[in-house]
Each structure stands twice: as structure tokens, then as C-alpha cells.
Amino acid sequence: DTGVSQNPRHKITKRGQNVTFRCDPISEHNRLYWYRQTLGQGPEFLTYFQNEAQLEKSRLLSDRFSAERPKGSFSTLEIQRTEQGDSAMYLCASSSSTGRETQYFGPGTRLLVL
Amino acid sequence: EDQVTQSPEALRLQEGESSSLNCSYTVSGLRGLFWYRQDPGKGPEFLFTLYSAGEEKEKERLKATLTKKESFLHITAPKPEDSATYLCAVPPSGSARQLTFGSGTQLTVLP
């Protein structure tokens, strides 16, 4: 069990640039989630995939955010025209549709928008 | 509106000094309450899931309990390595998959 991996671990960008993050879930997990976490707060849900289908999206996910999971394995989260308010930790989690569906989190990607 | 509230926001304990963290929730039809531990700069690490009032789970120095309105995470004789932020989360009403998290309790255990 290699766990959930995320790349890059850190990203510094200038306002207005586009950024893309990648998440590789635990291999047998068919559900994948993206969350955003700011300092002193708990993670906030962004979106959820079952296999390649995006089934839930938060109102936090503005038009500048897009997520994909093209083959039901890894996922990407893209932020276009970044703003300083996008600075946060972006967390990915995965779970199995069998059993208790516990979500296991990756180490996160910390984004800083200058 | 679904809410998850954790208290205290921060807690400092001496090594060996037992205490409890609280997580209160308002959600229709609880479908599980999850406890996670988060170290600085890392992702949350799963600890426990509780599904029904009266249920208890234990792991080393940690014990989680659940009532109809809140959950407690009891820490017995903590050690400095137990220092972390402890988060609780519930699936919100109307969603079976996402989690709504509290803001966490930042625990510091002093040697």
C-alpha cells in the first residue's frame, strides 16, 4: 500500500498564472476527492469522482477551477488565472466503494500565489 | 445548516496529563463521524470512524466515543509525539461522499 501521492508538494506562482496539481490515489480505490485547507481551518470539500465521473462539486469550485480524472486513475486539479486568495493547501483523498469508505489523504500541495 | 464545532481550539498538556477533546455536530441522519490527526505541513491521517451512539474505538493512548450530538477524543497519559491537530468530520446532509470538517483542536504535549 503506497498511499495517496500528490505532486508537486509545493508551488509558488504569480497572480494570473495557471497551475495544475496531480493526485495518484491508492491503487484499488475508485473514489477520489479534492479538498482545500487554509491555515487554522479544517479541509473544505471541492469535488468528488467515482471512477472517471465527477459526481459532486462544491460551490467553492469557481469557474477558474477544473478537475479531471480521465481514466479513473490519477486526477488533476487546474486553477486558471490564480488569485492571492487561492493560496492554500490542496489535499487529495481516495476511498473504496466497498466496506466503510474511509477517506485516506495524501500529503497535499501547498500553493502560494504572489 | 450542517455544522461541526470542535473545542477547545488549542490545548496544552504536560506529558502524562490526560484530557478530552470535543466535537459537536448538527447533521440530519449521521452516517459516520471521522477523527483524523494532522501534523504540520502534512495531510490528515485517519484515526477512527464511529457510526452509532454509544460506540467506542481505541488506539494506543486514544479513545473516541460518540453520543447523539457529540464525540469525544480522550487522550490518556499523552506523550510529546501526540502533539498534532485533531480534526473531526461528518458527511453532510444530502451528500453520501464528501466530509464536512471542524476547525480542529491543536494539541501540544510538553515533556
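Residues numbered from 1 in each chain as written. Chains lettered and ligands numbered in written order. Predicted model: local features only at pLDDT ≥ 70, side-chain atom pairs only at ≥ 80, totals over all residues. Heavy atoms only, no water.

## A short note on the packing of aromatic side chains
Evaluated as defined, the whole model comprises 11 aromatic pairs over all chains. When the centroid spacing of 5.8 Å and the interplanar angle of 75° are considered together, the rings of Tyr35 of chain A and Phe45 of chain A count as edge-to-face. Taken together, the residues span a long stretch of sequence, with Tyr35 of chain A in strand E4 (residues 31-37) and Phe45 of chain A in strand E5 (residues 44-50) at a distance of 10 residues. Like Tyr35 of chain A, the residue Phe45 of chain A is buried in the burial classification. Judged by centre distance (5.9 Å) and plane angle (70°), the rings of Tyr36 of chain B and Phe46 of chain B are edge-to-face. Residue Tyr36 of chain B is found in strand E4 (residues 33-38), and its partner Phe46 of chain B is found in strand E5 (residues 45-50); the two are separated by 10 residues along the sequence. Owing to a relative accessible area of 0%, Tyr36 of chain B belongs among the buried residues under this scheme. Aromatic rings pair up to connect Tyr35, Phe45, Tyr104 and Phe105 of chain A together with Tyr36, Phe46 and Phe101 of chain B into one cluster. Seen from the ring of Phe74 of chain A, Arg22 of chain A lies directly overhead, with NZ or CZ sitting 3.9 Å from the centre. (Phe/Tyr/Trp six-rings, centres within 6.5 Å; stacked < 30°, edge-to-face > 60°. Helix = DSSP H or I, 4+ residues; strand = E, 2+ residues; numbered from the N terminus. Buried < 20%, exposed > 50% of the residue type's maximum accessible area, 1.4 Å probe, protein only. Lys NZ or Arg CZ within 6 Å of the ring centre and 35° of its normal.)

## Describing the sheet that holds strand E3 (residues 19-26) of chain B
All names here are of chain B. Here we have 5 strands laid out as an open sheet, ordered E1-E3-E8-E7-E6, and antiparallel in their pairing. The sheet terminates laterally at strand E1 (3-7) and strand E6 (56-59), the two strands that pair on one side only. Adjacent strand axes in the sheet meet at a mean angle of 15° when their direction is disregarded. For E1 and E3, the ladder comprises 5 bridges, and the chain directions are antiparallel. Across the sheet, the residue bridging to Ser7 is Asn22, located in E3. (Pairing = 2+ DSSP bridges. Axes fitted to C-alpha atoms, helices over the stretch in contact; angles between N-to-C directions.)

## Remarks on the state of the cysteines
A covalent bond bridging the sulfur atoms of two cysteines is what the word disulfide describes. All chains considered together, the criterion is met by 2 disulfides over all chains. Here Cys23 of chain A is linked by a disulfide to Cys92 of chain A, with a sulfur-sulfur distance of 1.8 Å. Because the torsion about its S-S bond is -65°, the bridge between Cys23 of chain A and Cys92 of chain A counts as left-handed. Taken together, the residues span a long stretch of sequence, with Cys23 of chain A in strand E3 (residues 19-24) and Cys92 of chain A in strand E9 (residues 88-95) at a distance of 69 residues. Of the two residues, Cys23 of chain A and Cys92 of chain A, neither departs from the other in class, the shared state being buried. With its sulfur 1.9 Å from that of its partner, Cys23 of chain B forms a disulfide with Cys88 of chain B. Measuring the twist about the S-S bond at about 80°, one finds the Cys23 of chain B-Cys88 of chain B disulfide to be right-handed. Taken together, the residues Cys23 of chain B in strand E3 and Cys88 of chain B in strand E9 (residues 84-90) connect sequence positions 65 residues apart. Taking relative accessible area as the criterion, Cys23 of chain B reaches 0% and is therefore assigned buried. (Disulfide = S-S within 2.5 Å.)

## Notes on the sheet that holds strand E7 (residues 65-68) of chain A
To summarise the sheet geometry, strands pair through backbone hydrogen bonds and adopt either a parallel or an antiparallel arrangement. All names here are of chain A. In space, the 4 strands of this open sheet follow the order E1-E3-E8-E7, with antiparallel pairing throughout. Each edge of the open sheet is held by one strand with a lone partner, namely strand E1 (5-7) and E7. Within the sheet, the average angular offset between the axes of one strand and its neighbour, ignoring direction, is 15°. Here E7 pairs with strand E8 (residues 75-79) via 4 bridges, running antiparallel. Its bridge partner lying in E8, Phe65 is registered against Ile79.

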